[in-house]
There are 2 protein chains.
Amino acid sequence: MNRLDSRDAGFSADLDRLLAWEGVSDAAVQRTVDEVITRVRSEGDAAVVDYSNRFDHLQAAGMAALTVPRERLQQAYEQLPGRERDALAAAAERVRRYHAHQRQESWQYTEADGTLLGQQVTPLDRVGIYVPGGKASYPSSVLMNAIPAKVAGVPEVIMCVPTPGGEVNELVLAAAWLADVDRVFTIGGAQAVAALAYGTESVPRVDKIVGPGNIYVATAKRQVFGQVGIDMIAGPSEILIYCDGLTDPDWIAMDLFSQAEHDEQAQSILIASDAAYLDAVQARVDALLPTLERADIAGVSIRERGALILVRDEDEAVELINRIAPEHLELSVAEPLALLPRVRHAGAIFLGRHTPEALGDYCAGPNHVLPTSGTARFSSPLGVYDFQKRSSLIGCSPAGASTLAGIASVLARGEGLTAHARSAELRLLPDDEPAPAAGGVEGGA
Amino acid sequence: MNRLDSRDAGFSADLDRLLAWEGVSDAAVQRTVDEVITRVRSEGDAAVVDYSNRFDHLQAAGMAALTVPRERLQQAYEQLPGRERDALAAAAERVRRYHAHQRQESWQYTEADGTLLGQQVTPLDRVGIYVPGGKASYPSSVLMNAIPAKVAGVPEVIMCVPTPGGEVNELVLAAAWLADVDRVFTIGGAQAVAALAYGTESVPRVDKIVGPGNIYVATAKRQVFGQVGIDMIAGPSEILIYCDGLTDPDWIAMDLFSQAEHDEQAQSILIASDAAYLDAVQARVDALLPTLERADIAGVSIRERGALILVRDEDEAVELINRIAPEHLELSVAEPLALLPRVRHAGAIFLGRHTPEALGDYCAGPNHVLPTSGTARFSSPLGVYDFQKRSSLIGCSPAGASTLAGIASVLARGEGLTAHARSAELRLLPDDEPAPAAGGVEGGA
């Protein structure tokens, strides 16, 4: 693994190089995505079927062949081995329970003069969930994307999952059943994103698209942003562990690997103030790496993007954490809660030696869709709040309107917007008449 | 104004045509923006100064000439005429009070086995606010963008406002003072967005950029999305009024104009079930239009994008409201609160005849930065929540970890992620040992 020392002169620049990652869609990808979106918008189903046959090597005659009936989802769930079914159901239940805490409620208050102010919170009407096909087709992602939408009260959740070469993932279908997904299409790529964003004869137009995907999917999502809502564009997954040097090095090594095995671009970093402890972890990384089933992928990730960073003390560790703003942060220390108030930026914080990231990935309850590549500086885990939106409420009583009209009139004229001013002034009560008793918003003209 | 009738055969298609709007940045704009961002990233201040001189017709020798000291803001505020100063201060105070209701708080709960779950809510570190220059430079927008950030607890708010031809707007500087903006640069366009997103020698890198701008600004914001957070890409402003036919037609005409005077692309629509009332409003629109100071702009907007829509009844009106998902919705009826639960999509809802949009634009309290062009289907008014983010909290007790590890292990192996499984399994307690009493997250290994 890379070895950095905060005392080194070039440390800051070395760290920047280590963290550098930019998801670039080149011009060729952009052109393909533009073409796919344009054709799906104009030709609908026919284009979706055509692209699916071409890119996923299928022979579908029409959208019916790319539609999974609900009974098929139930069947997938019921035919799972009992252990897997129970584990999936337990995870779904925990995710549901945690996310119920995130529901936002409408609120309002009434001022002394009868004017009502507040926000009405409502769920989105319809949401699309993208699930990658093939090797990266994860049932846990189905739960993590669909359950918050359902907890928010979204009436209709549409899932798209490609089946390259016709390969269907039974666990993914079972998870869709557990998560109450309403409709499933076996389509993927930019064509799935375009179909969800604009609608076709078979695929209903959604209001928001969430879920990870390859560069074509990410580029298409960025392209349709504005037409529909999207979640963050995800980069490779990362973990940052800060350890006080007292956790079993095997535990830390395996926690680093749990990130590194995702893909070669994944990043695993350990920070400690004890150089001997970093040596000990490096030794266990070297010893355990060959025992991993995905040793090839994890090896590249660990060697090229992994790092052991020596810091002077805890203060410096906290500073680094906030600078990196990691997707996953493990505080593998004796008193993690004491550190917590000083952590400003992280997608998810795993507190204490007994909380490896893997528990959060599957079943602790919180979402595993988290801001990557330092975007925890400004964004949050996927949550129920991503599937709700707010409408401001303003209901002026005649007296309240008159008071506000006086202010608005001055400001609107200051901005040269005199129709605004006149619209406000029409609600002024005559100066010489005392304002009537507050009538509330029900009191009409 | 356009006249539509829901009974007509072609109504739905006509409505789609009326609402159609797509903010397209052509290839030339895209190229210019790419070049500006690339140069600002590599050359920093020098590029920003160069572009500012070129695009804003200035002769700045360096960034110092494009930096406004705090004392200058205070001076602008103190030298305002008393009436304007009082109105601005009253508006700021109301906006601040309303937004204080939006602050999200951290939360957590502890399960029976000692496992802690929750979310920690923190403000962003630094935010950039873009304020257009020249004619569209609105002090109210400064308040609406900066105050929620400050209420969220953002320590540093940076404002960029171009001064084309050197023209400084004193009201904008005064509003920046009132809203506690920390630093102001008189730069604009894609160069300002690039400077905020990547930082230069003088302009600190921010975590999120909010505020409206022209097509270059919007294109640049879309481009830097991911590097920093951005707010929605705003389209032209719209108002939809539903009236029961009992509001003074002059009031409705002026409310429609308050939207139409913004720009020629702005959209003003009135829905009613009484054709004679629509005639009456049309007559007042015709009579009042010539009296507007911005009659040229409002006239084009009203003629080309404005519409009077006749519906059968209230149910149909509600259906239309939800289909259009307007930025501003006025319910100019006797009992607006009775309708409210049926309104699913709107940026802001103005309740009753005494609540014209103009009051919300300036001083009612709620934000005037709202989702346009139907994006209220999936997004919300700008708010304090846009300047806060969440970190998930997971702290497993040894017993809790062991329970979760059993579930995670099964699911991880189902996904072929065996390092995840092994990382979880390391936290299993020996089967034959009873789980120790819940130790909470402070209990280390």
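None of these values were measured; they are calculated from a predicted model.

(A) Structural context of the domain arrangement of chain A. Residues and elements named next belong to chain A. You can read the domains of chain A as domain 1 (2–21 + 235–364), domain 2 (27–102 + 125–230) and domain 3 (397–445). A straight line from the C-alpha centre of domain 1 to that of domain 2 covers 32 Å. In this complex, domain 1 contributes six residues to the contact, which on the side of domain 2 involves five residues. Buried surface at the junction of domain 1 and domain 2, both sides included, amounts to about 480 Å², of which 48% is carbon and sulfur. For the domain 1 face of the interface with domain 2, the top three residues by lost area are Y362, C363 and A364, together amounting to 66%. Taken together, the connections running from domain 1 to domain 2 amount to zero salt bridges. The tally of links from domain 1 across to domain 2 stands at two residue pairs in polar contact (both at pLDDT 80 or more). For the side of domain 1 that touches domain 2, a count of residues per class yields three nonpolar, two polar and one charged.

(B) Here's a closer look at the sheet that holds strand β2 (residues 67–68) of chain A. All names here are of chain A. Spatial ordering of the open sheet is given by β2-β7-β6-β5-β8-β9, a layout of six strands whose pairing is mixed. Every other strand in the sheet has two partners, leaving β2 and β9 (229–230) as the edge strands with one partner each. When strand β8 (residues 208–210) meets β9, the two strands line up parallel, connected through two bridges. Looking at the pairing, I209 lines up with I230 of β9.

(C) Structural view of the UniProt feature "binding site: NAD(+)" (unreviewed entry) in chain A. All names here are of chain A. The positions UniProt marks with the feature "binding site: NAD(+)" (unreviewed entry) are Y130, Q191 and N214. On the basis of their most widely separated C-alpha atoms, the annotated residues across 85 residues gather in one place, lying no more than 12.6 Å apart. With respect to the element layout, Q191 can be found in helix α8 (residues 189–198). A relative accessible area of 2% places Q191 in the buried class.

(D) Region of the structure containing the interface of chain A and chain B. Taken together, the 129 residues of chain A in the interface contact 129 residues of chain B. Roughly 11,500 Å² is buried in total at the junction of chain A and chain B, and carbon and sulfur atoms are behind 57% of that figure. Our count for the chain A to chain B interface comes out at ten salt bridges. Between D125(B) and R344(A) there is a salt bridge; the shortest N-O distance is 3.0 Å. Counting every contact that joins chain A to chain B gives 67 residue pairs in polar contact (both at pLDDT 80 or more). Among the elements that make up the side of chain A that touches chain B, the one with the highest residue count is helix α16 (residues 398–414) of chain A (eleven residues). Relative to strand β15 (residues 388–395) of chain B, strand β14 (residues 348–351) of chain A runs parallel, the two being bridged by three bridges. For I349(A), the partnering residue across the bridge sits in β15(B) and is L393(B).

(E) Seen up close, the UniProt feature "binding site: Zn(2+)" (unreviewed entry) in chain A. The sites that carry the UniProt feature "binding site: Zn(2+)" (unreviewed entry) are, in the present numbering, Q259(A), H262(A), D361(A) and H420(A). An extended arrangement is adopted by the annotated residues: their sequence extent is 162 residues, and the largest C-alpha distance between any two is 55.8 Å. Non-local contacts of Q259(A), meaning those with residues more than four positions away in its chain, are made with S237(A), E238(A), I239(A), A266(A), Q267(A), S268(A), H328(A) and E357(A). Here D361(A) is to be found in helix α15 (residues 357–362). D361(A) gets classed as buried once you look at its relative accessible area, which sits at 7%. Beyond its immediate sequence surroundings of up to four residues, D361(A) is in contact with S140(A), M144(A), H328(A), H368(A) and H420(B).

The rules behind these values
Residues numbered from 1 in each chain as written. Chains lettered and ligands numbered in written order. Predicted model: local features only at pLDDT ≥ 70, side-chain atom pairs only at ≥ 80, totals over all residues. Heavy atoms only, no water. Domains from an automatic or database assignment. Contact = heavy atoms within 4.5 Å. Buried area = accessible area lost by both parts, 1.4 Å probe. Salt bridge = Lys/Arg side-chain N within 4 Å of Asp/Glu carboxyl O. Polar contact = N/O pair within 3.5 Å; in protein donor to acceptor, adjacent residues only side chain to side chain. Nonpolar A, V, L, I, M, F, W, Y, C, P; charged D, E, K, R; others polar. Pairing = 2+ DSSP bridges. Helix = DSSP H or I, 4+ residues; strand = E, 2+ residues; numbered from the N terminus. UniProt positions renumbered as here; feature names shortened; annotations may be inferred. Buried < 20%, exposed > 50% of the residue type's maximum accessible area, 1.4 Å probe, protein only.

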